[in-house]
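In case you want the letters, here they are:
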Amino acid sequence: MALVRRETRPAEITPFRTWGPFSLLEEANRLFEEVLGEFARPGVAYVAPADLYETDEALVLEMAVPGLAPEDLEVSLEGQKLTVRGQVKPAEEAKARRYYLQEIPHGSFVRSFTLPVEVKAEEARAEFRHGVLRLTLPKVAEARAKRIPIEVVR
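Throughout what follows, the structure given in this document is the object of discussion. (Residues numbered from 1 in each chain as written. Predicted model: local features only at pLDDT ≥ 70, side-chain atom pairs only at ≥ 80, totals over all residues. Heavy atoms only, no water.)

## Focus: the pairing of strand β3 (residues 73–78)
Note: β3 against strand β4 (residues 81–88), six bridges, orientation antiparallel. Bridging from a neighbouring strand, Ser76 pairs with Thr83 of β4. Turn length for the β3-β4 hairpin, with the two strands adjacent in sequence and antiparallel, is two residues, and the turn residue Gly79 shows positive phi of about 60 degrees. (Pairing = 2+ DSSP bridges. Helix = DSSP H or I, 4+ residues; strand = E, 2+ residues; numbered from the N terminus.)

Right, dumping it as structure tokens:
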């Protein structure tokens, strides 16, 4: 994909401009962007995608946090509320850059999850590999699946 710098349009409407079905909409968008500048563009917030699943023994949360280091993350568990906080920092030399496209979000994020079963917080494990945070939260004995034997009645 080639990136091309966008040319600015003249601010005044001239009689030589051709009008089509979308030209009024384009003109409204141009005026809106000209007046509001950066505020006209929707902000991109970082939302780390996550999977929360259970096994017979534990709840497991896997969260994709590419580009982050383990020290950029904080994990806490209060009762049945699991919270993951992180900080996506911009590149050090970002001030010297002139962007044509900037879609990588920066800033803080917080994700909170209400756990469906009670877990043993003291036995929780956190692993970080290839940009994926994996939390393993062992379930308390009462929350584990119990097998009920079936009696054959004659």
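Having seen the model, we can carry on.
## Describing the sheet that holds strand β5 (residues 107–114)
Spatially, three strands are ordered β3-β4-β5 in an open sheet, and the strand pairing comes out antiparallel. Of all strands in the sheet, those with a lone pairing partner are β3 and β5, marking the two edges. Averaged over all pairs of adjacent strands, the angle between their axes in this sheet comes to 15 degrees, without regard to strand direction. (Axes fitted to C-alpha atoms, helices over the stretch in contact; angles between N-to-C directions.)

## Structural notes on the nonpolar core
Counting 19 residues, the largest nonpolar core has Leu61, Met63, Val65, Leu82, Phe109 and Leu133 as its most contacted members. Each residue touching Val65, except ones within four places of it in the same chain, is listed here: Tyr46, Ala48, Leu73, Phe109, Phe128, Gly131 and Leu133. (Core = buried A, V, L, I, M, F, W, Y, C linked by side-chain atoms within 4.5 Å. Buried < 20%, exposed > 50% of the residue type's maximum accessible area, 1.4 Å probe, protein only. Contact = heavy atoms within 4.5 Å.)

## Side note on the environment of Leu135
By the secondary structure assignment, Leu135 is in strand β7 (residues 132–138). Assessed through its relative accessible area of 3%, Leu135 is described here as buried. For Leu135 and Arg125, which are 10 residues apart along the polypeptide, the C-alpha to C-alpha distance reads 5.7 Å. Once you skip the residues sitting within four places of it in the chain, Leu135 turns out to touch Leu59, Val60, Leu61, Val75, Leu82, Val84, Arg125 and Ala126.

## Quick notes on the pattern of salt bridges
Throughout the structure, instances matching the rule amount to five salt bridges. Arg134 is paired through a salt bridge with Glu62; the nearest N and O atoms lie 3.1 Å apart. Highlighted residues: Arg134 in strand β7 and Glu62 in strand β2 (residues 58–64), separated in sequence by 72 residues. Take Arg134: its relative accessible area is 29%, and that puts it in the partly exposed class. Between Asp72 and Lys89 there is a salt bridge, with the nearest N and O atoms lying 3.4 Å from each other. One end of the pair, Asp72, is in the loop between β2 and β3; the other, Lys89, is in the loop between β4 and β5, and 17 residues separate them in sequence. (Salt bridge = Lys/Arg side-chain N within 4 Å of Asp/Glu carboxyl O.)

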